[in-house]
Amino acid sequence: MKTNILILCLNNKYAKQISKDIANMFDLFYLDINDILEYNLINKKMIDSAGKEYFDKELTKAIKSISQYENTLLCGKFETLSQGENLQILKSNSVVIYLNLHKTNLERYIKSKRNEISHTLIAFDEEDQFCKDNADIVVNLSNDENDNLHMIKTQILNYYGE
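Nothing here was measured: the structure is a model prediction, and the numbers come from that model.

## Considering the packing of aromatic side chains
- The full count for this structure, using the stated rule, is two aromatic pairs.
- For the pair Phe78 and Phe130, a centre-to-centre distance of 5.7 Å together with 90° between the ring planes defines the contact as edge-to-face. Within this pair, whereas Phe78 is found in helix α5 (residues 78-81), its partner Phe130 is found in helix α9 (residues 124-134), the two being separated by 52 residues in sequence.
- Accessibility expressed as a relative area gives 7% for Phe78, which makes it buried.
- Seen in terms of ring centroids, Tyr159 and Tyr160 are 5.4 Å apart; in terms of plane orientation they differ by 85°. Their pairing is edge-to-face.

Structural data, given as structure tokens:
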């Protein structure tokens, strides 16, 4: 049985915000994959100084290590999760939940949080389909965060048959 939950979302700030609540709800350890990568200096500076090949090797090693965690709610940037085999590695021990923000809600959320409009809005359809294809659970989010948390909880409990 998979002991981790991996949150997949096209807006990293929203994913981090709601992931902490979900982790608390299910008494799971919360881990931001990109924070771990940054702590291990797996970042743009590594690419610049050591090269892309070394960076990719270190990234894969870190993702494999993270995939061995137990009772953890994982979240990370879409760009990291969709790169190479990262998502497949993490799926080995994680139930993947796609928090599906409708494109108009995503645009509204980005503007309300004064985030920069990212490439996600430009490539929304392709990235949305990638997430749907790779998720075990797809939660179609509304504008109400409490409702979203309830929907996520219900879908997780249904997935595990409780």
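Next comes the rest of the account.
## Here's the deal with the pattern of salt bridges
- One pass over the structure, following the stated rule, counts five salt bridges.
- Between Asp48 and Lys44 there is a salt bridge whose closest N-O contact spans 3.4 Å. With Asp48 and Lys44 both in helix α3 (residues 44-50), this residue pair falls four residues apart, about one helical turn.
- For Lys52, the salt bridge is made with Asp56, and the minimal N-O distance between the two is 3.1 Å. Of the two residues, Lys52 and Asp56 both sit in helix α4 (residues 52-66), four residues apart, roughly one turn of that helix.
- On the accessibility criterion, Asp56 (27% relative accessible area) is partly exposed.

## A short note on helix α10 (residues 145-159)
- Between its first and last C-alpha atoms α10 spans 21 Å; for 15 residues at 1.5 Å apiece the expected length is 21 Å, and the two agree.
- All buried positions along α10 are accounted for by Asn148, Leu149, Ile152 and Ile156. The buried residues of α10 all sit within an arc of 100° when viewed along its axis, so they share a single face. Residues of α10 that are exposed and angled more than 90 degrees away from the buried face: Asn146, His150 and Asn158.
- Summarising the contacts, the buried residues of α10 are in contact with β1 (4-9), α1 (12-25), β4 (94-100) and β5 (137-140).
- Where α10 begins, the capping side chain belongs to Asp144, and its oxygen is found 2.9 Å from the backbone nitrogen of Asn146.
- Looking one or two residues past α10, Gly161 carries a phi angle of roughly 75°, positive in sign.

About the criteria used
Residues numbered from 1 in each chain as written. Predicted model: local features only at pLDDT ≥ 70, side-chain atom pairs only at ≥ 80, totals over all residues. Heavy atoms only, no water. Phe/Tyr/Trp six-rings, centres within 6.5 Å; stacked < 30°, edge-to-face > 60°. Helix = DSSP H or I, 4+ residues; strand = E, 2+ residues; numbered from the N terminus. Buried < 20%, exposed > 50% of the residue type's maximum accessible area, 1.4 Å probe, protein only. Salt bridge = Lys/Arg side-chain N within 4 Å of Asp/Glu carboxyl O. Expected span 1.5 Å × (residues − 1). Arc of directions from axis to C-beta. Contact = heavy atoms within 4.5 Å. Polar contact = N/O pair within 3.5 Å; in protein donor to acceptor, adjacent residues only side chain to side chain.

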